[in-house]
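Now for the letters of each chain:
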Amino acid sequence: MDIKSNGYVSIDQLTDQYLGKARKTQIRRAMDGEAGNVNSSNGLSFQEVLQQKALTGIGSLKFSKHAMGRLADRNIELSDSQLERLESGTKKAEQKGIRDSLVIVDQLAFIVNVPNQTVVTAMDSTETNENIFTNINGAVII
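Below is a short write-up of the structure. Just so it is clear, the structure is predicted and the values come from calculations on it, not from any experiment.

## Describing the pairing of strand 2 (residues 100-105)
In step 1: Bridge count between strand 2 and strand 3 (residues 108-113): 6 bridges; the pairing is antiparallel. Paired with V103 across the strands is F110, a residue of strand 3.
In step 2: Hairpin connection of strand 2 to strand 3: 2 residues between the antiparallel strands, including D106 at a positive phi of 55°.

Spelled out as structure tokens, the structure:
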């Protein structure tokens, strides 16, 4: 079957079109076992970035699409220390066996699915006027 005559584009054609020949060469080198030598735009290889992430342990918490939307809608920006405290609260909830936790950091409230390490939603003090949180089985106040 001739793929080109059926209106489909091959992976090689897309690679050339979107990534260019230089990137295609890097991909081939990576597939040949030279992955540790392929530099990204910031000068670090994938292996170096992976090692840094493993050593710091920071960044293990994910934000759902819904939570990212809430953060943007409510103009909530987390500082590094607040993010670290949120992760710390999530780890404490995990140690206590909590599955869905309310984690309060400063004036911010987060609902976190602990087994998945995922922030489900976020709100600040203006949205917590009723002080009612549902679908949680524990709370951590940091």
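## Topic: the pairing of strand 5 (residues 138-141)
In step 1: Judged by which residues are buried, strand 5 turns out to be one-sided: G138 and V140 face inward and are buried, whereas A139 and I141, on the alternate face, are not.
In step 2: In terms of strand pairing, strand 2 meets strand 5 through 4 bridges, oriented parallel. Considered in strand 5, the bridge of I104 is made with I141.

## Here's the deal with helix 4 (residues 80-95)
In step 1: With 16 residues, helix 4 should reach 22 Å at 1.5 Å per residue; the first-to-last C-alpha distance of 23 Å fits that figure.
In step 2: Of all the residues in helix 4, the buried ones are Q82, L86, E87, G89, T90 and A93. Viewed along the axis of helix 4, the buried residues span an arc of 160°, placing them on a single side of the element. Exposed positions of helix 4 whose direction lies more than 90 degrees from the buried face are D80 and Q95.
In step 3: Contacts from the buried residues of helix 4 go to strand 1 (62-63), strand 2, strand 3, strand 4 (118-124) and strand 5.
In step 4: Looking one or two residues past helix 4, G97 carries a phi angle of roughly 85°, positive in sign.

## Overview of the nonpolar core
Nonpolar side chains in soluble globular proteins generally cluster together in the buried interior.
In step 1: With 16 residues, the main nonpolar core has L86, V103, F110, V112 and V119 as its most contacted residues.
In step 2: Mapped by element, the contributors of at least two residues to this core are helix 3 (65-73), helix 4, strand 2, strand 3 and strand 4.
In step 3: The element best represented in this core is strand 3, accounting for 3 residues.
In step 4: Each residue touching V112, except ones within four places of it in the same chain, is listed here: L61, L86, T90, R99, D100, S101, V103, T118, V119 and V120.

## Observations concerning unusual backbone geometry
In step 1: A positive phi angle, near 50°, is found at N75, a position not held by glycine.
In step 2: Of note, N75 is situated in the loop between helix 3 and helix 4.
In step 3: Here N75 falls in the exposed class, since its relative accessible area comes to 68%.

What counts as what
Residues numbered from 1 in each chain as written. Predicted model: local features only at pLDDT ≥ 70, side-chain atom pairs only at ≥ 80, totals over all residues. Heavy atoms only, no water. Pairing = 2+ DSSP bridges. Helix = DSSP H or I, 4+ residues; strand = E, 2+ residues; numbered from the N terminus. Buried < 20%, exposed > 50% of the residue type's maximum accessible area, 1.4 Å probe, protein only. Expected span 1.5 Å × (residues − 1). Arc of directions from axis to C-beta. Contact = heavy atoms within 4.5 Å. Core = buried A, V, L, I, M, F, W, Y, C linked by side-chain atoms within 4.5 Å.

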